[in-house]
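# Coordinate inspection notes
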Amino acid sequence: MVENLSKTESLRQSLRIFGESTGYELFQYTGIPVDCVASLLQYDVAQGLIVKGWKGKRRSYQLALSSPKKVKKYHRDPASYRNAVPVLVESIERRFIYIAVQATELEKNDDFFEAIKLWMKAAGLAALDINADYCRRRANYCQAAVDRGWSNLNNGGTA
């Protein structure tokens, strides 16, 4: 059974499991865009539940070692989230594959304009840099196809 977690709770859970993490690492664990991490954790930082720090030149976040009263609010039995990370990663991988297959089908149907959008979305979900790079290259190819007028469709219209 998959738990339906809010984005903020997913970030908290990742910090519980992995400890101190940068925004990019949290993106890799949860799929939440890097530019949203700070705003989602802002309340917890203000409450003293999460502490900001630095990992090299990157901003990092970790759970605060504060009074048990505050930590208890977000505490879960380790057994309840033992498999959370594999489920989160599997969910992101499924979405990545699903969107990449849709983009491929759009390319096959010469709908390059819509394929660009899906390739960029897939690039954002890719867990590996090589997959993200591939998606960006496919999006560039589709953009070139649109620029050269190879599409049988008129920018998302019907044939």
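Parameters at a glance
- Residues numbered from 1 in each chain as written.
- Predicted model: local features only at pLDDT ≥ 70, side-chain atom pairs only at ≥ 80, totals over all residues.
- Heavy atoms only, no water.
- Helix = DSSP H or I, 4+ residues; strand = E, 2+ residues; numbered from the N terminus.
- Buried < 20%, exposed > 50% of the residue type's maximum accessible area, 1.4 Å probe, protein only.
- Contact = heavy atoms within 4.5 Å.
- Areas by Shrake-Rupley, 256 points an atom, 1.4 Å probe, with all protein chains shown as cover.
- Phe/Tyr/Trp six-rings, centres within 6.5 Å; stacked < 30°, edge-to-face > 60°.
- Bend = angle between axes of the 7 residues up to and from the residue.
- pLDDT = per-residue confidence, 0-100.

This brings us to the overall build of the protein. The helix and strand inventory of the protein stands at 7 helices and 3 strands. Ordering the α and β elements of the protein from the N terminus gives α-β-α-α-β-β-α-α-α-α. Considering the protein as a whole, with its 159 residues, one finds that 35% of them fall into the buried category. Within the protein, residue pairs in contact and separated by at least 24 positions form 53% of the contacts whose partners lie at least 6 positions apart. Counting every atom, the protein has about 10,200 Å² of accessible surface; 54% of that belongs to carbon and sulfur.

Each aromatic ring pair is specified by the distance between its two centres and by the angle formed by the two planes. Scanning the model with the defined rule gives 5 aromatic pairs in all. Pairing tyrosine 24 with phenylalanine 27 gives two aromatic rings, centres 6.1 Å apart and planes at 45 degrees, and the pair type is tilted. On the criterion of helical spacing, the pair formed by tyrosine 24 and phenylalanine 27 is a turn pair, its members being 3 residues apart in helix H2 (residues 23-30). When its relative accessible area of 14% is taken as the criterion, phenylalanine 27 is described as buried.

What follows is about helix H3 (residues 34-47). Note on helix geometry: an α-helix contains 3.6 residues per turn, so any two residues three or four positions apart are oriented the same way. In H3, a bend of some 45 degrees at leucine 41 exceeds every other bend along the element. Positive backbone phi, approximately 85 degrees, marks glycine 48, located one or two places after H3.

With 76% of its residues at a pLDDT of 70 or more, the protein has an overall mean of 79. Of all secondary-structure elements in the protein, the lowest mean pLDDT belongs to helix H4 (residues 68-74), at 46, while helix H7 (residues 129-148) reaches the highest, 93. Of the regions scoring below 50 in pLDDT, residues 67-73 engages in 5 contacts with residues more than four places distant in sequence or in other chains.

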